[in-house]
Amino acid sequence: MNRAGKRWITNINIAVMAVMPTLIISAFTSKATAEDLGACFMVTPSGATVELARLCTGNKANSDERVFKVPIKRRFGRTPVIEVKFNNQKTFEMIVDTGANGTLITQKMANTLQIKPTGILQAQVADGTQIQFPTGKVKSIAAGGVVANNLEVAIAPKADIGLLGHDFFGNYDIKILATEVEFHPR
């Protein structure tokens, strides 16, 4: 560091330099200065820093572009509840159910979306009981940029809230955080 507090580089001619985000080591002084320059950048001969995130692969700037984040509206027990849009028109609260193979909507949701039953689904619930649900088709289900089209959903006549299942997010790894759910494409 010079006396004005600016960083300097001594004859290092490297086109691209990747560093750990918060550590720059100076080989010529005993002091180190923490500075976050990101994971991919270069320093020009005049000492200016140029971001290169578009050229680098595997760094946080590029990987975050494909992560879909959905705010958790509330929790049902400890399970996150998010807002989900159906048929590009109506939004409902849904439980993100990582243990459900398919999506289940309430009778009220089916009525609002004008979904008519087209089949029957035999399902096994968590306690092992076999039950039947009428099924119907939805044109689309969307949450935070993730969209699934033409899904057959189960309709639960007595449920108060729907369950968002693997038929919606099965191509994503899910990360449940304190305030949001992240969908990471596989």
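Above this text sits the structure in question.
Within every chain, residues take consecutive numbers counted from 1 along the sequence as written. Restriction of local features to residues with pLDDT of at least 70 applies here, the model being predicted, together with a cutoff of 80 or more for giving and counting side-chain atom pairs; totals for whole chains, interfaces and linings are based on all residues. The side-chain figures draw on all heavy atoms in the structure; neither hydrogens nor water molecules are used.

K.L.:
Quick question: what am I supposed to make of the packing of aromatic side chains here?
P.N.:
What describes a pair of aromatic rings is the distance from one ring centre to the other and the angle between the planes of the rings. For Phe, Tyr and Trp, where Trp contributes only its six-membered ring, two rings pair if their centres lie within 6.5 Å, and the inter-plane angle classes them as stacked under 30 degrees, edge-to-face over 60, or tilted in between. Applying the stated rule across the entire model yields 5 aromatic pairs. On the basis of an interplanar angle of 80° and a centroid distance of 6.0 Å, the ring pair of Phe 68 and Tyr 172 is categorised as edge-to-face. Of this pair, Phe 68 sits in strand S3 (residues 68–71) while Tyr 172 sits in strand S12 (residues 172–176), and the two are 104 residues apart along the sequence. What links up through ring pairs into an aromatic cluster is the set Phe 68, Phe 168, Phe 169, Tyr 172 and Phe 183. Where helices and strands are cited, they refer to DSSP runs of H or I of at least four residues and of E of at least two residues respectively, numbered from the N terminus.

K.L.:
Would you mind going over the sheet that holds strand S13 (residues 180–185) with me for this structure?
P.N.:
Backbone hydrogen bonds are what pair the strands of a sheet, in a parallel or an antiparallel way. Reading across the sheet, the 3 strands line up as S3-S13-S12 and stay open at both edges, with antiparallel pairing between neighbours. One side of each edge strand has no neighbouring strand; the edge strands of this open sheet are S3 and S12. Sheet twist, expressed as the mean angle between neighbouring strand axes with direction ignored, is 20°. Here, a strand pair is defined by DSSP locating no fewer than two bridges between the strands. Two elements, S3 and S13, share 4 bridges in a ladder whose sense is antiparallel. Bridged to Pro 71 within S13 is Glu 180. Only the stretch in contact is used when a helix axis is fitted, and all axes are lines through C-alpha atoms; the angle between N-to-C directions ranges over 0 to 180 degrees.

K.L.:
Even after reading the chapter, I still don't get the environment of Ile 174, so can you show me in this structure?
P.N.:
Residue position: Ile 174 is located in strand S12. Look past the residues within four positions of Ile 174 in its chain and what remains in contact with it is Val 96, Thr 98, Phe 169, Val 181, Glu 182 and Phe 183. In this analysis, two residues are considered to be in contact whenever any of their non-hydrogen atoms come within 4.5 Å of each other.

K.L.:
Just to check I follow, could you spell out the side chain of Glu 182 for this structure?
P.N.:
On the secondary structure map, Glu 182 appears in strand S13. Accessible area is worked out with a 1.4 Å probe on protein chains only. A residue is then buried under 20% of its type maximum, exposed over 50%, and partly exposed in between. What makes Glu 182 buried here is its relative accessible area of 8%. Counting of polar contacts relies on pairs of N or O atoms within 3.5 Å, with two restrictions inside protein: one atom must be capable of donating a hydrogen and the other of accepting it, and residues adjacent in sequence are counted only when both atoms are side-chain atoms. Within the structure, Glu 182 has its side chain in polar contact with the side chain of His 184 (distance 2.8 Å). Residues within four places of Glu 182 in sequence aside, it is in contact with Val 67, Phe 68, Lys 69, Asp 173, Ile 174, Lys 175 and Leu 177.

K.L.:
Please explain the nonpolar core as it appears in this structure.
P.N.:
Across soluble globular proteins, you tend to see nonpolar side chains buried next to one another. Put simply, buried Ala, Val, Leu, Ile, Met, Phe, Trp, Tyr and Cys residues joined by side-chain atoms within 4.5 Å make one nonpolar core. Ile 82, Phe 86, Ile 141, Phe 168 and Phe 183 are the most contacted members of the largest nonpolar core, which has 27 residues in total. Considering every element that reaches this core, the biggest residue donor is strand S10 (residues 146–156), with 5 residues. Ignoring sequence-local partners within four residues, the contact set of Phe 86 consists of Phe 92, Met 94, Ile 105, Met 109, Leu 113, Val 138, Ser 140 and Ile 141.

K.L.:
I would appreciate a short explanation of the pattern of salt bridges in the present structure.
P.N.:
Side-chain pairing between opposite charges can occur once the charged atoms of the two side chains come close. The salt bridge criterion pairs a side-chain nitrogen of Lys or Arg with a carboxyl oxygen of Asp or Glu, the two atoms within 4 Å. Taken as a whole and assessed by the stated rule, the structure comprises 5 salt bridges. Among the salt bridges present, the one from Glu 182 reaches Lys 69, with a minimum N-O distance of 3.9 Å. Pair noted here: Glu 182 is in strand S13 and Lys 69 is in strand S3, with a separation of 113 residues, a long-range link. Residue Arg 186 is joined to Asp 173 by a salt bridge in which the shortest nitrogen-to-oxygen separation is 2.8 Å. With Arg 186 in the segment after S13 and Asp 173 in strand S12, this residue pair connects regions lying 13 residues apart in the sequence. What makes Arg 186 exposed here is its relative accessible area of 62%. One continuous salt-bridge network, built from bridges that share partners, spans Lys 73, Arg 74, Glu 83 and Glu 93.

K.L.:
Looking at this structure, how should I read the pairing of S12?
P.N.:
The side chains of a regular strand alternate, first on one face of the sheet and then on the other. The pairing of S12 with S13 spans 5 bridges and is antiparallel. Within S13, the residue paired with Ile 174 across the bridge is Phe 183. Between S12 and S13, which pair antiparallel one after the other, the connecting turn spans 3 residues.

K.L.:
What is the right way to look at unusual backbone geometry in this model?
P.N.:
Outside of glycine, negative phi angles account for most residues, and trans bonds account for most peptide bonds. The phi dihedral of Asn 88 falls on the positive side, at around 60°, and the residue is not glycine. A residue is classified by how much of its surface remains accessible, and Asn 88, at 67% relative accessible area, is exposed. For Gln 114, which is not a glycine, the phi torsion comes out positive at approximately 55°. Residue position: Gln 114 is located in the loop between helix H2 (107–113) and strand S8 (119–124).

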